[in-house]
Amino acid sequence: MTEIIVVTSGKGGVGKTTTSASIACGLARRGKKVAVIDFDIGLRNLDLIMGCERRVVYDFVNVIQGECTLKQALIKDKRLETLFVLAASQTRDKDALSSDGVRRVFDELTTEGFDFIIADSPAGIEKGAHLAMYFADRAVVVVNPEVSSVRDSDRILGLLSSKTQRAEKGNGQVKEHLLLTRYSPKRVATGEMMSVGDVKEILGLDVVGVVPESPDVLAASNSGTPVILNEDSDVSRAYEDAVSRLLGETLPLRFIDEPKKGFFARMFGG
Amino acid sequence: MPNTKKTGLLMKQPANAAREQAVEVRFGQVGILQVRLHTTDPGSIVDELTGKTATAPHFFERTPVCLDLSSLPKMPPAEEIRSVIEVIRRAGMMTVGLAHGGTAVDELATDLELPVIHHVRASTKTAPIVQAAPASAPAAAPAEVPAPEPGALPALLQHQPVRSGQRVYARNRDLIVTATVAAGAEVMADGCVHVYGPLRGRVMAGAHGDTDARVFCQAFHAELVSIAGVFRVFETIPPELAGMPVQAWLAGDDLKFAKIGETDK
């Protein structure tokens, strides 16, 4: 059974693509067959984060418009056997997507025996974002601990409960998960940033992961290696936890308290 | 014009938005002027209407109006109403429908190819704004619509959180929300509104003018509270009300707030 997970947020720049890439890698590492699809037509980024930008020949729009087969467009990841990337088109706009086309691609991935489809949604609530969420079984709503991001996520949650195939067909709810990114326990402690509890209370959802603010994310993006593959990083551990929770494990949240200064921190001035 | 009943309600129908839409069917609610006829004599109507429109010419310019025939002694033939519509048009207003009033009105509406506006029941309870009879009421008074009959329908129950950008409207009844109403969300009812989660959005009770409607909530953080069109926005929540169980009601033209249990009203 193929599960479609949309990674969405409403607001831009909160970490949807980073999250999509890392969740896809995390699932693939656990042996799942995963396709991660960039829905941000015209502003494609996922291929950069995944480090396969030079291998993009055909893209999502080409498949939808029948200019190539899905197999030709799926880019096999060089690190993980069971991970495939479907890049967005950089030269088209979002109107190139159609509901039927997206459905066909999803159906074909299902027949191909994929375990997970990760739909990396563009920002906003327009067509691209709508189509990314429309067929979803689950949603990972990426939110930064600040008011505008929280409000936009609330809007997205509203759309998830009304403008998806599941909602329209009365076929149960899209299962929603909250993922906090760019979380800085230090700034929460000083009251500059909303806490996990605040965000949880406002959105009324359970948290599937809290990813700490870290320079590792930028470094990973620039090098084209999903940050989850950087084993030394807290960010990687946080995403690994989130992936485990998505697969049904119960784990305590990490990286939500200000770290006590340990041996290394004292040695190197933390 | 300060027509406080124009709550600007727009409900997006669930549509298959994944497809390109040729049309979008929306539910919109606007206040509408009612013209209650006491006579069908075009001469006396035109005299009075032009007198009224002269006092506030821009207000009546191309204003949609709804004809209320309930005060006429007998149902006039379609021809007579046609000439009434014509004189109303000459006074600057445009007739868009007939107020609901039984089968005779329905038949007349069919003849005239006009819709019957059910929501504006022809009623003798409230004073219409424009009476085609000697009257000196200020022309700018807000249009009044009869309050819905109480107890006609059970309350509308909403168990899902009302998210930012969503609207829930309980027509002709109370609304009970058992979850959060988020900032940027709107909940409204023609009757009372009860919110048992945190209320952070906008809330409107008595959306059709019922001044007895109230708002009750468990944790008050509302952005806007409106009862029968009288509203108040909260740029800053009074500290004594923030997060408290609060009720709001209308006393005259005044919107009152108190912690639940701390009012003898």
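Scope of this entry: the structure provided in the associated data block.

## A word on helix 1 (residues 16–29) of chain A
All names here are of chain A.
Link 1 in the chain: If you check helix 1, its first and last C-alpha atoms are 20 Å apart, about what 14 residues at 1.5 Å a residue would give, namely 20 Å.
Link 2 in the chain: A large share of helix 1 lies buried, amounting to 13 of its 14 residues.
Link 3 in the chain: Gly-31 lies just past helix 1 and shows a positive phi near 85°.

## Quick notes on the sheet that holds strand 7 (residues 175–183) of chain A
What links the strands of a sheet is backbone hydrogen bonding, and the strands pair in either a parallel or an antiparallel sense.
Residues and elements named next belong to chain A.
Link 1 in the chain: Taken in spatial order, the eight strands of this open sheet run 3-4-2-5-1-6-7-8, and their pairing is mixed. Only two strands of the sheet have a single neighbouring strand rather than two, namely strand 3 (75–76) and strand 8 (207–212).
Link 2 in the chain: In terms of strand pairing, strand 2 (residues 34–38) meets strand 5 (residues 116–120) through five bridges, oriented parallel. Note that in strand 5 the partner of Ile-37 across the bridge is Ala-119.
Link 3 in the chain: Helix 1 rests against strand 1 (3–8), strand 2, strand 4 (83–86), strand 5, strand 6 (138–143) and strand 7 of the sheet, and its axis sits at about 170° to strand 5.
Link 4 in the chain: In the packing of helix 12 (residues 234–246) onto the sheet, contacts are made with strand 6, strand 7 and strand 8, and the angle to strand 8 comes to roughly 175°.

## Details of the pairing of strand 11 (residues 186–189) of chain B
Residue and element names in this part refer to chain B.
Link 1 in the chain: Burial along strand 11 is two-sided: Glu-186 and Met-188 and Val-187 and Ala-189, pointing in opposite directions, are all buried.
Link 2 in the chain: Both strand 11 and strand 13 (residues 202–205) contribute to a ladder of three bridges, which runs parallel. Bridging from a neighbouring strand, Val-187 pairs with Val-203 of strand 13.

## Examining the packing of aromatic side chains
Link 1 in the chain: In this structure the tally under the stated criterion is eight aromatic pairs over all chains.
Link 2 in the chain: Taken together, a centroid distance of 5.2 Å and an interplanar angle of 85° make the contact between Phe-220 of chain B and Phe-234 of chain B edge-to-face. Placement of Phe-220 of chain B in strand 14 (residues 215–220) and of Phe-234 of chain B in the loop between strand 16 (230–233) and strand 17 (246–251) is noted, with a sequence separation of 14 residues between them. Like Phe-220 of chain B, the residue Phe-234 of chain B is buried in the burial classification.
Link 3 in the chain: An aromatic cluster is present here, built from Phe-39, Phe-60, Phe-106, Tyr-134 and Phe-135 of chain A joined pairwise through their rings.
Link 4 in the chain: Directly above the ring of Phe-114 of chain A sits Lys-33 of chain A, whose terminal nitrogen or CZ lies 4.5 Å from the centroid.

## Some details on the packing of helix 3 (residues 78–90) of chain B against helix 4 (residues 103–112) of chain B
Residues and elements named next belong to chain B.
Link 1 in the chain: The interhelical angle for the contact between helix 3 and helix 4, taken along N-to-C directions, is 65°, at an axis separation of 10 Å. In terms of their interaxial angle, helix 3 and helix 4 are classed as roughly perpendicular. The way helix 3 lies across helix 4 gives a crossing that is right-handed. Facing helix 3, whose interface residues are Ala-78, Ile-81, Arg-82 and Ile-85, helix 4 presents Leu-108, Asp-111 and Leu-112.
Link 2 in the chain: The class makeup of the residues in the contact of helix 3 with helix 4 is five nonpolar, no polar and two charged.

## Quick notes on the interface of chain B and chain A
By a widely used convention, the size of an interface equals the accessible area lost when the partners come together.
Link 1 in the chain: Across the boundary between the two partners, chain B contributes 18 residues, which contact 20 residues of chain A.
Link 2 in the chain: Around 1400 Å² of area is buried between chain B and chain A when both sides are counted, 40% of it from carbon and sulfur atoms.
Link 3 in the chain: If you look at where chain B meets chain A, you find three salt bridges.
Link 4 in the chain: The residue Asp-154 of chain A makes a salt bridge to Arg-163 of chain B at a minimum N-O spacing of 3.0 Å.
Link 5 in the chain: Our enumeration of links across chain B and chain A arrives at six residue pairs in polar contact (both at pLDDT 80 or more).

Calculation criteria
Each chain has its residues counted from 1, following the order in which its sequence is written. Just so you know, chain letters begin at A and ligand numbers begin at 1, following the order they were written in. Only residues with pLDDT of at least 70 get local features here, since the model is predicted, and only at 80 or more are side-chain atom pairs given and counted; chain-wide, interface and lining totals rely on the full set of residues. Hydrogens and water are ignored here; the side-chain numbers use all heavy atoms of the structure. The helix count covers DSSP runs of H or I at least four residues long, the strand count covers runs of E at least two residues long, and both are numbered beginning at the N terminus. Multiplying one less than the number of residues by 1.5 Å gives the expected span of a helix. Working definition: with a 1.4 Å probe on protein chains only, accessible area under 20% of the residue-type maximum means buried, over 50% means exposed, and in between means partly exposed. Pairing between two strands requires that DSSP report at least two bridges joining them. Here, residues are in contact when the closest pair of their heavy atoms is within 4.5 Å. Axes, fitted as lines to C-alpha atoms, cover a helix only where it is in contact. Angles between the N-to-C directions of the axes lie from 0 to 180 degrees. By convention, a stacked pair of Phe, Tyr or Trp rings (six-membered ring in the case of Trp) has centres within 6.5 Å and planes under 30 degrees apart, an edge-to-face pair has planes over 60 apart, and any other such pair is tilted. The rule for a charge over a ring is simple: NZ of Lys or CZ of Arg within 6 Å of the ring centre, and within 35 degrees of the ring normal. Throughout this description, any angle smaller than 35 degrees is read as roughly parallel, any larger than 145 degrees as roughly antiparallel, any in the 65 to 115 degree range as roughly perpendicular, and the remainder as oblique. By convention the crossing between two helices is left-handed if the near helix lies anticlockwise of the far one by an angle smaller than a right angle, and right-handed if it lies clockwise. Polar here means any residue other than Ala, Val, Leu, Ile, Met, Phe, Trp, Tyr, Cys and Pro, which are nonpolar, and Asp, Glu, Lys and Arg, which are charged; Gly is therefore polar. Buried area adds together the accessible area that both of two parts lose upon being put together, with accessible area traced by a 1.4 Å probe. By convention in these notes, a salt bridge is any Lys or Arg side-chain nitrogen within 4 Å of a carboxyl oxygen on Asp or Glu. For the purposes of these results, a polar contact is taken to be a pair of N or O atoms within 3.5 Å, where, inside protein, one atom must be able to donate a hydrogen and its partner to accept one; residues adjacent in sequence count only when each atom of the pair is a side-chain atom.

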